Structure formats: structure tokens, C-alpha cells
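Architecture and fold: a report
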Amino acid sequence: GLELSHCVGANSLGPAGPWRSGGPCKMKRVRTVFKPEQLERLEQEFLKQQYMVGTERVDLAATLHLTETQVKVWFQNRRIKWRKQSMEQKAAKLSQFGVMQPATADSTDVKDHEEDTVDVEL
């Protein structure tokens, strides 16, 4: 379900959708909260394939009662989490053998290799 956040000190006239603008406050996106059953199914699909496109994404979104954009963004964010975990595991294995891996912008900033990962819902 969606919950709308209220801007402190703003006199808003009510929600106009997932985005809010209430005068002096900046636009703030309300985070999508997935149900456990939805997350379980999304994780199952991610284990099969890391990229969900086309009719597969449309069908999965319809099955889970989500928008196609929500499914797309979930997969984008999940790929980043997966890459980060993979890099951490690799670093842990290297440190077991006493090999130090220098922290560079390339190895720490996975976002450069992925589309924007904002949580957007249309």
C-alpha cells in the first residue's frame, strides 16, 4: 500500500498522487512498500534472470498488482544490490589471503554502470 508523507509545516490540500508539493517543501517521493508475497516472487524471478523486459515484465507486474515501472525499478535496484554483494564477497575472499584491494571510484561506485535507481512510480 501507499502511504503519503506529510511535509512539516506545510499547508497541503491533499495528495495529488505519489508526488507531493506543498509550498515551501521540496517534492518528495513516497516509497513503495512491497508485500512479502510480492518480494518473494520478485526474488524468485531475479534468481532465474537478472533482467526482466518486455511482456515478461508486463505479465509479472499484472500478476503482482504492481505497475510495470515498479517492477522495472525493483529489478534495477536489485541488480545494484547483487553487484555490491558480489564485490563485498570478492573483497572478503581477497582479504583472507592477505591481498589488499585499493578502494577506487570504479570499484565502489556501481551506479555508474546502471540506469538511474530512483524509486519512481507512475
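Cut-offs and rules
Throughout this description, residue numbers start from 1 for each chain and increase along the sequence as written. Totals for whole chains, interfaces and linings use all residues, but because this is a predicted model, local features are given only for residues with pLDDT of at least 70 and pairs of side-chain atoms are given and counted only at 80 or more. Side-chain measures here rest on the full set of heavy atoms in the structure, leaving out hydrogens and waters. UniProt positions are given in the numbering used here, feature names are shortened, and annotations may be inferred rather than shown by experiment. In this description, a nonpolar core means a group of buried Ala, Val, Leu, Ile, Met, Phe, Trp, Tyr and Cys residues linked to one another through side-chain atoms lying within 4.5 Å. Between buried and exposed lies partly exposed: a residue is buried under 20% and exposed over 50% of the maximum accessible area for its type, with that area taken using a 1.4 Å probe on protein chains only. The numbering of helices and of strands both runs from the N terminus, where a helix is a DSSP run of H or I of at least 4 residues and a strand a run of E of at least 2. Residues count as neighbours in contact if any of their non-hydrogen atoms are within 4.5 Å of one another. For this analysis, a ring pair means two rings from Phe, Tyr or Trp (six-membered ring only for Trp) whose centres lie within 6.5 Å, classed as stacked if their planes differ by under 30 degrees, edge-to-face if by over 60, and tilted for the remaining angles.

Going by an unreviewed UniProt entry, the chain carries the name Homeobox protein not2 and comes from Tauraco erythrolophus. For the chain, the Subcellular location (unreviewed entry) comment in UniProt is given as "Nucleus".

1. Some thoughts on the nonpolar core
One finds Phe34, Leu42, Phe46, Met52, Leu60, Ala61, Leu64, Leu66, Val71, Trp74 and Phe75 forming the largest nonpolar core, which totals 11 residues. Breaking this core down by element, the ones donating at least two residues are helix H1 (36-48), helix H2 (54-63) and helix H3 (68-96). It is H3 that provides the largest number of residues to this core, a total of 3 residues. In contact with Leu42, not counting residues within four places along its chain, are Phe34, Leu60, Leu64, Leu66, Val71, Trp74 and Phe75.

2. Details of the environment of Lys72
With respect to the helices, strands and loops of the structure, Lys72 is situated in helix H3. Of the residues examined, Lys72 reaches a relative accessible area of 34% and is grouped as partly exposed. In the structure, Lys72 is positioned 20 residues away from Met52 in sequence and 7.2 Å away in space, judged by C-alpha atoms.

3. Comments concerning the packing of aromatic side chains
Inspection of every chain in the model, using the stated rule, returns 4 aromatic pairs. Ring geometry for Phe46 against Trp74: centres 6.4 Å apart, planes inclined by 85°, an arrangement best described as edge-to-face. Placement of the pair is Phe46 in helix H1 and Trp74 in helix H3, with a sequence separation of 28 residues. For the residue pair Phe46 and Trp74, the accessibility class agrees, reading buried in each case. Arranged with centres 5.2 Å apart and planes meeting at 75°, the rings of Trp74 and Phe75 form a pair that is edge-to-face. Each of the two residues, Trp74 as well as Phe75, counts as buried. Taken together, the ring pairs connect Phe46, Trp74, Phe75 and Trp82 into an aromatic cluster.

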